[in-house]
Amino acid sequence: MSNIHRPSPVIRPPSFFIREFDLAHDYEAVLALWRAAGPGIQVGPSDTQEEIAKKLTRDPDLFLVVEEAGEINGAVLGGFDGRRGMVYHLAVLPEQRGRGLGAALLTELESRFKAKGCLKSYLLVVPENPQVLDFYRKRGWGVMDVYVMGKEFRE
Ligand SMILES: CC(C)(COP(=O)(O)OP(=O)(O)OC[C@H]1O[C@@H](n2cnc3c(N)ncnc32)[C@H](O)[C@@H]1OP(=O)(O)O)[C@@H](O)C(=O)NCCC(=O)NCCS
């Protein structure tokens, strides 16, 4: 029998935590994260600081960030209109992907939707980003057979 000492396995608690977005402190970091996210996140006129401030008057508890060692490594912007939930701009910094941060953000947002009585939620995947479909499928999301229509109200 070998008498080599084998240390017991170390179970490390997650080094990250999820908290609500803070406009004054987090806006620039989250905008940079979205801009670095690739074709899956299209930063647009609804993402200015003024527009985000407007959004936060409704659901401040559904805009979440994942923080680790003082850095924001991921974010998701959720909304609930009283009938459906919406998931916008889920993103993790490219160098931090594959460590469970994206899944943790989505799981936390889903549990907050459920706590509000939300029965169903939607999200949009742009055609340039089909590779993300499996991430959502693994978490119980399905592609719906609908046309998505939009209309701009900007002057
Ligand atoms: C989608 C995204 C947020 C996932 O974040 P992440 O932290 O890398 O994801 P996780 O580490 O939590 O991955 C969880 C699982 O999904 C898988 N996965 C993650 N991203 C994937 C992808 N793009 N394609 C396929 N599978 C993926 C992982 O392999 C992992 O599988 P497992 O549960 O079997 O281990 C991240 O890839 C990202 O920021 N992508 C760019 C922005 C984007 O496209 N957002 C979605 C807009 S709709």
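Predicted, not measured: the structure shown is a model, and the values here were computed from it.

Undergrad: Explain the nonpolar core to me, using residue names and the numbers behind them.
TA: One broad trend across soluble globular proteins is that nonpolar side chains are buried collectively. Of all hydrophobic cores here, the largest spans 22 residues; its most connected members are Leu64, Ala75, Val76, Ala91, Leu105 and Leu109. Counting residues per element, the ones that place at least two in this core are α1 (23-35), β2 (63-68), β3 (71-80), β4 (84-92) and α3 (101-115). Tallying contributions element by element places α3 first for this core, with five residues. Setting aside residues up to four positions removed in sequence, Leu109 forms contacts with Leu62, Leu64, Val76, Gly78 and Val87.

Undergrad: Which residues make up the sheet that holds β2, and what values go with them?
TA: The sheet built from five strands is open, its strands ordered β1-β2-β3-β4-β5 with mixed pairing. A single partner strand is all that each edge strand has here, and the edge strands are β1 (16-20) and β5 (120-123). Sheet twist, expressed as the average angle between the axes of neighbouring strands with direction ignored, equals 25 degrees. Direction of pairing for β3 relative to β4: antiparallel, over a ladder of six bridges. Residue pairing for β4: Phe80 is matched across the bridge by Gly85. Relative to the sheet, α3 contacts β1, β2, β3, β4 and β5, its axis offset from that of β3 by approximately 30 degrees.

Undergrad: Any details on the site of the ligand? Residues and values, ideally.
TA: Near the ligand you find 22 residues, and of these Gly40, Val92, Arg97, Gly102 and Ala103 are the closest. Elements represented by at least two residues in the shell around the ligand include exactly β4, α3 and α4 (133-137). Residues that form the shell around the ligand fall into these classes: eleven nonpolar, seven polar and four charged.

Conventions adopted
- Residues numbered from 1 in each chain as written.
- Predicted model: local features only at pLDDT ≥ 70, side-chain atom pairs only at ≥ 80, totals over all residues.
- Core = buried A, V, L, I, M, F, W, Y, C linked by C-beta atoms within 7 Å.
- Buried ≥ 20, exposed ≤ 12 C-beta atoms within 10 Å, placed from the backbone.
- Helix = DSSP H or I, 4+ residues; strand = E, 2+ residues; numbered from the N terminus.
- Contact = placed C-beta atoms within 7 Å.
- Pairing = 2+ DSSP bridges.
- Axes fitted to C-alpha atoms, helices over the stretch in contact; angles between N-to-C directions.
- Near = placed C-beta within 6 Å.
- Nonpolar A, V, L, I, M, F, W, Y, C, P; charged D, E, K, R; others polar.

Read these as layout, nothing more, since geometry by itself doesn't imply function.
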